[in-house]
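Overview (structure and organization)
Each chain, letter by letter, is given below.
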Amino acid sequence: KHAVEQEFAERMVAGVELHDEPEPIAAAACELTSPTTLRLTICEGKYHQVKRMIGATGNRVDHLHREAIGGYALPADLPPGSWRWLETGDLEQLEQPWPSAMS
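Residues numbered from 1 in each chain as written. Predicted model: local features only at pLDDT ≥ 70, side-chain atom pairs only at ≥ 80, totals over all residues. Heavy atoms only, no water.

Concerning helix α2 (residues 49-56)
Filter applied, for reference: A simple rule labels every residue: compare its accessible area, found with a 1.4 Å probe on the protein chains alone, to the largest value its type can have, and call it buried under 20%, exposed over 50%, or partly exposed in between. Secondary structure is summarised from DSSP: a helix means a run of H or I of at least four residues, a strand means a run of E of at least two, and numbering begins at the N terminus for each. Arc, as used here, means the arc of the directions from the helix axis to the C-beta atoms.
Buried residues of α2: Q49, V50, M53 and I54, and no others. Seen from one end, α2 has its buried residues packed into an arc of 125°, which puts them on one side. One or two residues past the end of α2 sits G58, with phi positive at roughly 90°.

Concerning the packing of aromatic side chains
Quick note on the threshold: Planes of paired rings set the category: under 30 degrees apart is stacked, over 60 is edge-to-face and the rest tilted, where pairs are Phe, Tyr or Trp rings (Trp by its six-membered ring) whose centres lie within 6.5 Å.
Scanning the entire structure with this criterion turns up one aromatic pair. Taking the centre distance of 5.0 Å and the plane angle of 90° together, the rings of W83 and W85 count as edge-to-face. For W83, a relative accessible area of 61% gives the class exposed. Given a relative accessible area of 70%, W85 falls into the exposed group.

A look at the pairing of strand β1 (residues 29-34)
Consecutive residues of a regular strand have side chains that alternate between opposite faces of the sheet. Applicable threshold: Any two strands are treated as partners once DSSP identifies two or more bridges connecting them.
As paired strands, β1 and strand β2 (residues 37-41) are joined by five bridges and run antiparallel to one another. By the bridge assignment for β2, E31 is matched with R39. With antiparallel pairing between neighbouring strands as the criterion, β1 and β2 make up a hairpin whose turn holds two residues.

Looking at helix α1 (residues 6-14)
Each α-helix turn comprises 3.6 residues. Residues three or four places apart therefore point the same way. Stated precisely, the cut-off is as follows: Residue contacts follow a heavy-atom distance rule, with two residues in contact if any of their heavy atoms lie within 4.5 Å.
Among the residues of α1, those classed as buried are F8, A9 and M12. For α1, the buried positions fall inside an angular range of 100° around the axis, keeping them on one side. Turned more than 90 degrees away from the buried face of α1, the exposed residues are E7 and A14. Close packing links the buried residues of α1 with β1, β2 and α2. Looking one or two places after α1, you find G15, whose phi comes out positive at around 115°.

Structural notes on the side chain of N59
Along the polypeptide, N59 turns up in the loop between α2 and β3 (68-69). Not counting residues within four places of it along the chain, the set of residues in contact with N59 comprises K1, H2, V4 and I54.

Here we look at the nonpolar core
Where we set the bar: Residues enter a nonpolar core if they are buried and are Ala, Val, Leu, Ile, Met, Phe, Trp, Tyr or Cys, with the set joined through side-chain atoms within 4.5 Å.
If you look at the biggest cluster of nonpolar residues, it comprises twelve residues: V4, F8, A9, M12, V16, L18, I25, A27, C30, V50, M53 and I54. Among the secondary structure elements, those contributing two or more residues to this core are α1 and α2. Not counting chain neighbours up to four residues away, the residues in contact with V16 comprise R11, P24, I25, M53, A56 and T57.

Written as structure tokens, this is what we have:
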């Protein structure tokens, strides 16, 4: 919701304290794409993790878009809120790491 600077992205990668977690939770990567937009890579899927991480810094998520799960990129033509059955190749991609998380 509120504009952030590069140090905010660095804080996401360094880790933030969440109320119900014993250790800080860190993003694998965080890129500031505009003053109010981040590309955040996480390797876990804790309950509302992204919203809670951003909230722990005093900010708020207004819009969240999942781009990929593991190595499986969501189809660009899949409308928000929709789903489709996964095929064998899709399932194999889910087990692969997301390419930009490895760089």
